[in-house]
Each structure stands twice: as C-alpha cells, then as structure tokens.
Amino acid sequence: MNILISGGTGSIGAAISEQLIDKGYQLRYLSRKPAANKLNIPEYFWDPDKGKIDEASLENADAIINLSGAPINKRWTPAYKNEILRSRVDGTRLLFEKAHNLSLKLKTFISASAVGYYPNDLHREFTEEDTPGTDFLSLICQNWEQQALNFENLGIRTVCLRIGIVLSKKGGALQPIAQTAKLGLGAALGNGKQWMPWIHINDLANMFVYALENEKLNGIYNAVGPYNVTNKDLTGLTAKTLRKPFFMPNIPAFVLKAVMGEMASIALAS
C-alpha cells in the first residue's frame, strides 16, 4: 500500500512513518525542499503557494496523510499569520485539486487539525459536536477541515484528527516545560488553570495508523489523551518526575504577552 505524506519530516510525521514502515507500507513525502532523510523515504517537490506539485508523487497512491503546516510557535507578525493559514489551507486545497483533476484512485485521506478549533473556556469539556471558537487558531482549523472534507465529494474516505498538545522527548510542548523544570525554574503560565488536552506522540501516531487501517472511521475525531490536566498540574508533574522543586510563582499573562506577542494566546488558552 502506497502512502503519500505531506509534512512527513516533522516529529509527528516521523513517528507515523516509523510505525508504517514496520507494517510494510511504502511511503513518499512531499517537501518544499526535497532532500535525504533519516528514514530514506523518497521526497517529491511541492510548493502550495504556487500551486506546484510533482505529480509523480501521486502515482498509485492509495492514501494521503496531510500534516503540512508552518509552525505556530513563532512570533505572529501579520505576514507570519498569513503563512500559518496558507500553509495549511492552500496545501490541502492543492491536494484536493490534484486528486480531482487526475482522478486519483485514493482510498483514504487523513488530515491533521487541532483542538484550537474549540473556544477558549475554563469550565467546559468539548466534544466533536461542539461549535468552534472565533479566534485566529479556530478560524484556521475551520478552514483547514473544510478543505479536507472536500475529499468526501470524490467518494474518498476522509478523517480529520483534532490534535491536542503533543508530548515528546524530541520536541513539542514538553521540551520547554522540562528545560525550565530541570533548572528548578518550573512555573505555571498565567493563572495556571487553563486545560491542556495532551497526547503522547506515540499514541498520536497510533491514531493515524488506526484511522488509515480502520475503514469504518469517517469524519472528525479528537486526538487527545483520556483525561486533561491544567497547565499548573502538567508543569508540576513534570518537575516532580524530574525530581526538581516546583515553587516559582506563576508567570503573569501580561509578561507572556509582552515577550511572545499575540502568540501568547497559545500558552494561555484553555
């Protein structure tokens, strides 16, 4: 079975790829700058901004796993916010247009999304049926999913996974929390009460593989762990696991906003 992955060289893509290789799948990557990678997976050129893609990447593809998107943990200038949006929406649209125009015999299209789809709320637990928020990240997720769900119009089984806060030793949200904890400087952000729907990267990779192999799955699913923790709890548990003290005062929201700008909303959102 041939699987094409956009954004495959990122940490999530690598974790998914390792599992798929172990299962005997044949993989290809789409990349803006094709190069050699650690898993020796062939990379093909694409540039969603210009609507370009090496069509050889799509030949005999049975499924596409769509992970592409510019990182959100960079300062949100107006230009970079546009890049965050376009890298997700334009890339997904380009894949759909090619699938339609080339009449690809795809069986499955699986796309990343994020729990940023939901409103910011300290008191509610959200399910897939809840309505979206109105902030920047929510609008991105809504547009992202709308483009992905177009594949259903082609008779292609489509799954969107709203990914939570990914925990991994190799990067993601855990790394900066652990780094400060190791120095004995671990501290909650803002009031520390914001809920953080986490997921371990290996479990997330398992979910993508399960969505690929389980033909009964269609539509949108939350890709998160079985229970949530607050920012304060997660930070405290990290310090405890590393056998470090956890006594520093919370970092005020206004300090985060001064340092991070609008991007501070990622750290403060519940």
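Refer to the structure printed above.
Residues numbered from 1 in each chain as written. Predicted model: local features only at pLDDT ≥ 70, side-chain atom pairs only at ≥ 80, totals over all residues. Heavy atoms only, no water.

### Side note on the environment of threonine 9
If you trace the backbone, threonine 9 turns up in the loop between strand 1 (2-6) and helix 1 (11-22). C-alpha separation for the pair threonine 9 and leucine 122, spaced 113 residues apart in sequence, amounts to 34 Å. Beyond its immediate sequence surroundings of up to four residues, threonine 9 is in contact with Tyr29 and Glu43. (Helix = DSSP H or I, 4+ residues; strand = E, 2+ residues; numbered from the N terminus. Contact = heavy atoms within 4.5 Å.)

### Observations regarding the packing of aromatic side chains
Inspection of every chain in the model, using the stated rule, returns 6 aromatic pairs. Taken together, a centroid distance of 5.3 Å and an interplanar angle of 80 degrees make the contact between tyrosine 117 and tyrosine 118 edge-to-face. The same class applies to tyrosine 117 and to tyrosine 118, which are both buried. A ring pair is formed by tryptophan 198 and tyrosine 227, whose centres lie 5.6 Å apart and whose planes are at 75 degrees; its orientation type is edge-to-face. A residue pair is termed long-range when its members are at least 10 positions apart, and tryptophan 198 in strand 11 (residues 198-200) and tyrosine 227 in the loop between strand 12 (219-223) and strand 13 (229-230) qualify at 29 residues. (Phe/Tyr/Trp six-rings, centres within 6.5 Å; stacked < 30°, edge-to-face > 60°. Buried < 20%, exposed > 50% of the residue type's maximum accessible area, 1.4 Å probe, protein only.)

### Description of the pattern of salt bridges
What the rule picks out here adds up to 10 salt bridges. A salt bridge links arginine 32 to aspartate 47, with the shortest nitrogen-to-oxygen separation between them at 3.2 Å. Residue arginine 32 is found in the loop between strand 2 (26-31) and strand 3 (43-47), and its partner aspartate 47 is found in strand 3; the two are separated by 15 residues along the sequence. The class of aspartate 47 is buried, set by a relative accessible area of 12%. The salt bridge partner of aspartate 130 is arginine 124, with a shortest N-O separation of 2.8 Å. Note on aspartate 130: relative accessible area 17%, which makes it buried. It is possible to trace a salt-bridge network through shared partners that takes in Arg32, Asp47, Asp49, Arg86, Asp90 and Arg93. (Salt bridge = Lys/Arg side-chain N within 4 Å of Asp/Glu carboxyl O.)

### Focus on helix 3 (residues 136-149)
For helix 3, built from 14 residues, the straight-helix expectation of 20 Å at 1.5 Å per residue is met to within 8% by its first-to-last C-alpha distance of 20 Å. Burial analysis of helix 3 places 10 of its 14 residues in the buried class, which makes it a mostly covered element. Residues of helix 3 that are buried include every one of Phe136, Leu137, Ser138, Ile140, Cys141, Gln142, Trp144, Glu145, Gln147 and Ala148, and no others. Elements in contact with the buried residues of helix 3: strand 5 (63-66), helix 2 (78-101), strand 6 (108-114), strand 7 (157-163), strand 12 and helix 8 (264-268). (Expected span 1.5 Å × (residues − 1).)

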